[in-house]
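Commentary on secondary and tertiary structure
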Amino acid sequence: MLKHNLGYPRIGIRRELKKACESYWGNKIDSKKLFDVGKQIREENWKIQEKSGMDLIPCNDFSFYDHVLDMSLLLGAIPESYKEIVHDTTNDDSSSNQKIEIYFAMARGIQKKGLDIKAMEMTKWFNTNYHYIVPEFYKNQKFSIFSRKIFDEFEEAKKILKSIPKPVVIGPVSYLFLGKEKEKENFHKMDLIENIVPIYIKVINSLKKRGSNWIQLDEPILVFDDLSKKVVEAFQYSYQEISKHCSEINILLTSYFDGISENISILREFSSSINALHVDLIEDPDQLEKVLSFLSDTKMILSLGLIDGRNIWKNNYVNSIKNIERSIKVLGEKRVMIAPSCSLIHIPLDIEYEYSIHSDIKNRMVFAKQKIYELKDLEDIMKGNKDLLSQNLMSLKKTKSSFLFHDQKVKEKVKQVRDLDFQRKSPFNIRQKKQNKKFNLPVFPTTTIGSFPQTKEIRTLRNKFKKKEFSQEEYEKKIKEFIVYVIKKQEEINLDVLVHGEFERNDMVEFFSDKLKGFISTENGWVQSYGSRCVKPPIIYGDVTRNKNITTKYICFAQSQTEKLMKGMLTGPVTILQWSFVRNDQPIFTTAYQIALSIRDEVKDLEDSGIQIIQIDEPAIREGLPLKKKKWKFYFDWTVKAFRISSSVVKDETQIHTHMCYSEFNDILPHIENLDADVLTIETSRSKMELLESFSKYSYPNEIGPGVYDIHSPRIPTVKEIFDLIKKASNRFPIKNIWVNPDCGLKTRKWNEVMKSLKNMTKAAKIAREKLLNNPILNNNQKS
Ligand code: GLN
Ligand code: ZN
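Figured I'd write up the structure that's included with this text. Computed from a predicted model, the values in this text were never measured in an experiment.

All right, on to the overall build of the protein then. When helices and strands are tallied, the protein shows 29 helices and 24 strands. Relative to the 2.2 N^0.38 estimate, which gives 28 Å for 784 residues, the radius of gyration of the protein is 27 Å and therefore close to what a compact globule would have. By its C-alpha atoms, the protein is 75 × 65 × 55 Å across when sized along the principal axes. Residue pairs at least 24 apart in sequence account for 80% of intrachain contacts in the protein once pairs closer than 6 positions are excluded. Of the roughly 32900 Å² of accessible surface on the protein, 50% is carried by carbon and sulfur atoms. Taken together, the 124 basic and 105 acidic charged side chains of the protein have centroids lying 2 Å from each other.

Put into structure tokens, the structure is as follows:
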């Protein structure tokens, strides 16, 4: 029974990788130093895994920025524009320097030496918070080995490890699937499969020559339940070809993030071409029987994904052992491997670097390093060490009875959530009338999404307060000064609905999770989000409750400083949940409803203190979408409910806004409508309101603010541009329903950019009021 790992976190325990990359980008260190840091991290990771007794240790799982981008460099999938960066030298050292320059240019864009090339697109990796650089594909694209990283790392690992390392790549079908067609006409990215597979064969054979006896090909798209015929054919073609041309090397095909039951018939077609299949038994334990019955007709080895690679709780050994025993019974011991469910890059590195977590909680937690040792425990238990089993049982049992984790009151409250609790008092059209009458806003009302520039001054202030260098009073006084300032600025811009600027918030989830019971934050629990950006997700360990009010102080202060309407800002329950590590001892929706009840109290408090417009941000609803379409209905059922629990407590006259920042709404619009927010503000401007196309087939009934300019860029939008977008929106929605706003919060922008952009925005809204209101063609569309 081999123990193996799919991938180990690469950021380093002190975020060495982040620091090295950022120093390199800032010209503070040279490439040699950067490569040295990479080397040290890899060595450390390999040694940790070797020490734990791991049989098959991954290599090429390290990456300076992103492992999908690494694949693009390996396969030579480099868009023309980046090739300009190459200057001809033959010296070996400088050639790897050039490669890293191209690599980072693709990841981050480049502006130097007369070059001005944008970064490649980035998007979320399945349903995680990790982002990858989207490969670009062209008709008839040719591939060839460009980067030698995989070979170098294999050689490097061979020197360090006693066992032969296992190189890891993304399989050809998933790699093409995750990319984007840059030409639309007569071209499907899967058409490239015949061009790309020969390169995979070359890579694998070259690794074999160097002594590799295993290769891991990740094909996570095997968990989708709607794979097209082209994809299915690509799978068959690829693996039959690979097996034909790469003999004497074991092909391990991995799936993760969900089960593969729906796609077993696809696998059957090439089952003799692969030697081992990895399945994720954490996300889908029920697939085991189906997979076993499929495998029993083949010679394949089954790799059991037993240790949760997406969460930080101790493994339930009894469950794991059951799965191991069952698999051994069907397949025999030689045909079973054990592993974490997926790569460990989605969890922090080492729990031993947490010093202040209550021991009852910490005793239940494991990070990447500890998870590796859990595999060893499982092996030892199988060999007869039953003590480990009872110890594990004990520590899990302890939680069940600990006061720390449980709060009877909130458990009861969740049980009592009745239908009425997620229903506004009246339907939207009645609420809209009442709100219009009360607010008396102009048509095309203008507002922003919440945050204003987070200057160095504000960050320093918050940090100093955190380090207790400021007293509570001094800190509050300063924050209030910023609020007064941002209100003055918004009045100068002549916005209709103002915000308080969110200066007291470092992160939209952390700000709330820090103050809710049932959450803890870590000191060093960093997880890579993209490139050098790491996040420290909070941990939900117990029942969530709100002890005291979180937001009214500053928002009410802000309202007291202006005659205009002040919008109160909250983060929604699904986003708080999605960006945290969640409990695994109760259904996810129970946790969601607990958070929702806390936010509901907050909404009520704001309303009671006179705030008339409340925004509940839910930017993460989309990324949590299950990978299988058949699970969507259930997902939306609880996420919509959670949102509505928090928002439905208010009177008809109180206006609920929600904000989401992504532009692929097509398939989820009816669910978004079910949120029944009075106003929805969304991201549209990057696609020049392409998103609005999805609204053409479908009419969104409530008020909507399709972002009129892109806040991700420092560029100042012109009045005309914004006006044109408002006009475009007016063709889609009744004018009375349209809001004018940027497409996300302004915290990453500079003040001078914000002032100019927002002034152009209010000017455009003014022109729209003059020109569009009396436009007969448009008015024809306004009947609804
Ligand atoms: N209110 C938040 C802000 O303005 C929203 C951030 C987000 O959508 N991610 O920053
Ligand atoms: Zn946003």
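Our next topic: the site of ligand 1. Ligand 1 sits among 13 residues. The nearest are Ser 451, Glu 502, Asp 617, His 659 and Gly 745. One nitrogen or oxygen atom from the side chain of Ser 451 is found 2.7 Å from an oxygen atom belonging to ligand 1. Protein chains shield 92% of the accessible area of ligand 1, which is 290 Å² for the free molecule. Looking at side-chain class alone, the shell around ligand 1 contains 6 nonpolar, 4 polar and 3 charged residues.

Six octahedral donors around a metal ideally sit at 90 or 180 degrees from one another, while four tetrahedral donors ideally sit at 109.5 degrees. Taken together, the protein donors to the zinc ion (ligand 2) comprise His 659 (NE2), Cys 661 (SG) and Cys 744 (SG), at separations of 2.0 to 2.4 Å. Viewed at the metal, the 4 donor atoms of the zinc ion (ligand 2) are separated by angles of 87 to 124°, and the geometry they form is tetrahedral. Donor residues for the zinc ion (ligand 2), ordered by position in the chain, follow H-x1-C-x82-C. One end of the pair, Cys 661, is in the loop between strand S22 (655-660) and helix H25 (669-674); the other, Cys 744, is in the loop between helix H27 (719-730) and helix H28 (751-772), with 83 residues separating them in the sequence. Given a relative accessible area of 27%, Cys 661 falls into the partly exposed group.

If a probe the size of a water molecule is rolled over the atoms, the empty space left behind becomes visible. Counted by the stated rule, this structure contains 8 cavities of 30 Å³ or more. If you list the elements that add at least two residues to the lining of the largest cavity, you get helix H3 (67-74) and strand S8 (166-170). Residue contributions to the lining of the largest cavity peak at 3 residues, all from S8. Of the residues assigned to the lining of the largest cavity, the class counts are 11 nonpolar, 5 polar and 3 charged. Here the second largest cavity is characterised by a volume of approximately 50 Å³. Lining the second largest cavity we find Tyr 8, Arg 42, Asn 45, Trp 46, Asp 61 and Phe 62.

This part is about the sheet that holds strand S12 (residues 276-280). Across the sheet, which stays open at both edges, the 8 strands sit in the order S1-S14-S13-S12-S11-S10-S8-S2 with parallel pairing between neighbours. Either end of the sheet is taken by a strand with one partner, and the two such strands are strand S1 (2-3) and strand S2 (58-59). Relative to strand S13 (residues 301-307), S12 runs parallel, the two being bridged by 5 bridges. In the strand pairing of S13, Ala 276 is matched with Ile 301. Contacting S8 and strand S10 (214-218), helix H8 (residues 193-209) runs over the sheet at an angle of about 150° to S10.

One way to put it is that helix H6 (residues 149-160) packs onto H8 with a least axis distance of 11 Å and a crossing angle of 20°. Accordingly, the angle class assigned to the pair H6 and H8 is roughly parallel. Crossing hand, H6 versus H8: right-handed. Facing Ile 150, Phe 151 and Phe 154 of H6, the residues of H8 in contact are Val 203, Ser 206 and Leu 207. Residues belonging to the contact of H6 with H8 are distributed by class as follows: 5 nonpolar, 1 polar and no charged.

Once that is clear, we can look at the pattern of salt bridges. Inspection of the entire model under this criterion finds 51 salt bridges. Put simply, Glu 262 and Lys 628 hold a salt bridge, and the shortest N to O gap is 2.9 Å. Here Glu 262 is found in the loop between strand S11 (250-254) and helix H10 (264-269), whereas its partner Lys 628 is found in the loop between strand S21 (613-617) and helix H24 (632-647), with 366 residues between them in sequence. With its nearest N and O atoms 3.6 Å apart, the salt bridge here joins Lys 376 to Glu 379. Of this pair, Lys 376 and Glu 379 both sit in helix H14 (residues 368-382), separated by 3 residues, roughly a single helical turn. For Lys 376, a relative accessible area of 25% corresponds to the partly exposed category. Among the ionic contacts, a cluster of salt bridges with common partners joins Lys 3, Asp 55, Lys 376, Glu 379, Asp 380 and Lys 383.

Where helix H18 (residues 456-466) contacts helix H19 (residues 472-493), the two axes come as close as 10 Å, and the packing angle between them is 160°. As the angle between them shows, H18 and H19 are arranged roughly antiparallel. Two packed elements cross with a definite hand, and for H18 against H19 that hand is left-handed. Mapping the contact onto sequence places Glu 457, Ile 458, Leu 461, Arg 462 and Phe 465 in H18 and Gln 472, Tyr 475, Lys 478, Ile 479 and Phe 482 in H19.

Before going further, it helps to spend a moment on the side chain of Arg 462. With respect to the element layout, Arg 462 can be found in helix H18. Of the side chains with opposite charge, Glu 504 comes closest to the buried, unpaired Arg 462, at an N-O distance of 6.9 Å. There is a polar contact of 2.8 Å between the side chain of Arg 462 and the side chain of Gln 454. In contact with Arg 462, not counting residues within four places along its chain, are Gln 454, Tyr 475, Phe 503, Glu 504, Arg 505 and Asn 506.

On to unusual backbone geometry. At Asn 27, a position not held by glycine, the phi torsion is positive, near 60°. Structurally, Asn 27 can be placed in the loop between helix H1 (16-25) and helix H2 (31-51). Relative accessible area serves as the criterion here: at 68%, Asn 27 is assigned to the exposed category. With a phi angle near 50°, Asn 186 is a residue other than glycine that sits in the positive phi range. Within the secondary structure, Asn 186 is located in the loop between strand S9 (180-181) and H8.

Moving on, we get to the pairing of strand S17 (residues 527-530). Pairing of S17 with strand S18 (residues 533-535) involves 3 bridges; the strand directions are antiparallel. Among the inter-strand pairings, Tyr 530 is bridged to a residue of S18, identified as Arg 533. Connecting the antiparallel pair S17 and S18 is a turn made up of 2 residues, with Gly 531 showing a positive phi of about 50°.

Because each turn of an α-helix spans 3.6 residues, side chains separated by three or four positions end up pointing in the same direction. Over its 22 residues, H19 extends 32 Å from the first C-alpha to the last, a length consistent with the 32 Å expected when each residue adds 1.5 Å. Inspection of H19 places Tyr 475, Glu 476, Ile 479, Phe 482, Ile 483, Val 486, Ile 487, Lys 489, Gln 490 and Ile 493 among the buried residues, and these make up the whole buried set. Down the axis of H19, the smallest arc covering the buried residues is 160°, so these residues share one side. In H19, the exposed positions that point more than 90 degrees away from the buried face belong to Glu 473, Lys 477 and Lys 488. Buried-residue contacts for H19 involve H18, strand S15 (497-498), helix H21 (552-560), strand S20 (565-571) and H28.

Read from one edge to the other, the open sheet built from 6 strands follows the order S15-S20-S21-S22-S23-S24, with strand pairing classed as parallel. Looking at the sheet topology across the chains shown, the edges are occupied by S15 and strand S24 (703-706).

Scoring rules and cut-offs
- Residues numbered from 1 in each chain as written.
- Chains lettered and ligands numbered in written order.
- Predicted model: local features only at pLDDT ≥ 70, side-chain atom pairs only at ≥ 80, totals over all residues.
- Heavy atoms only, no water.
- Helix = DSSP H or I, 4+ residues; strand = E, 2+ residues; numbered from the N terminus.
- Rg over C-alpha atoms; globule rule 2.2 N^0.38 Å.
- Contact = heavy atoms within 4.5 Å.
- Areas by Shrake-Rupley, 256 points an atom, 1.4 Å probe, with all protein chains shown as cover.
- Lys, Arg positive; Asp, Glu negative; His and termini not counted.
- Charge placed at Lys NZ, Arg CZ, Asp CG, Glu CD.
- Near = heavy atom within 4 Å.
- Polar contact = N/O pair within 3.5 Å; in protein donor to acceptor, adjacent residues only side chain to side chain.
- Nonpolar A, V, L, I, M, F, W, Y, C, P; charged D, E, K, R; others polar.
- Donors = N, O, S within 2.8 Å, 3.2 Å for Na, K, Ca; no water.
- Tetrahedral: all angles 85-135°; square planar, octahedral: opposite > 155°, others 65-115°.
- Buried < 20%, exposed > 50% of the residue type's maximum accessible area, 1.4 Å probe, protein only.
- 1 Å grid on protein atoms, 1.4 Å probe; cavity = no way out; pocket = protein on both sides within 12 Å on 5 of 7 lines; lining within 4 Å.
- Points joined across faces, edges and corners; volume = space filled by probe spheres on them.
- Pairing = 2+ DSSP bridges.
- Axes fitted to C-alpha atoms, helices over the stretch in contact; angles between N-to-C directions.
- Parallel < 35°, antiparallel > 145°, perpendicular 65-115°, else oblique.
- Left-handed = near helix turned anticlockwise from the far one by under 90°.
- Salt bridge = Lys/Arg side-chain N within 4 Å of Asp/Glu carboxyl O.
- Expected span 1.5 Å × (residues − 1).
- Arc of directions from axis to C-beta.

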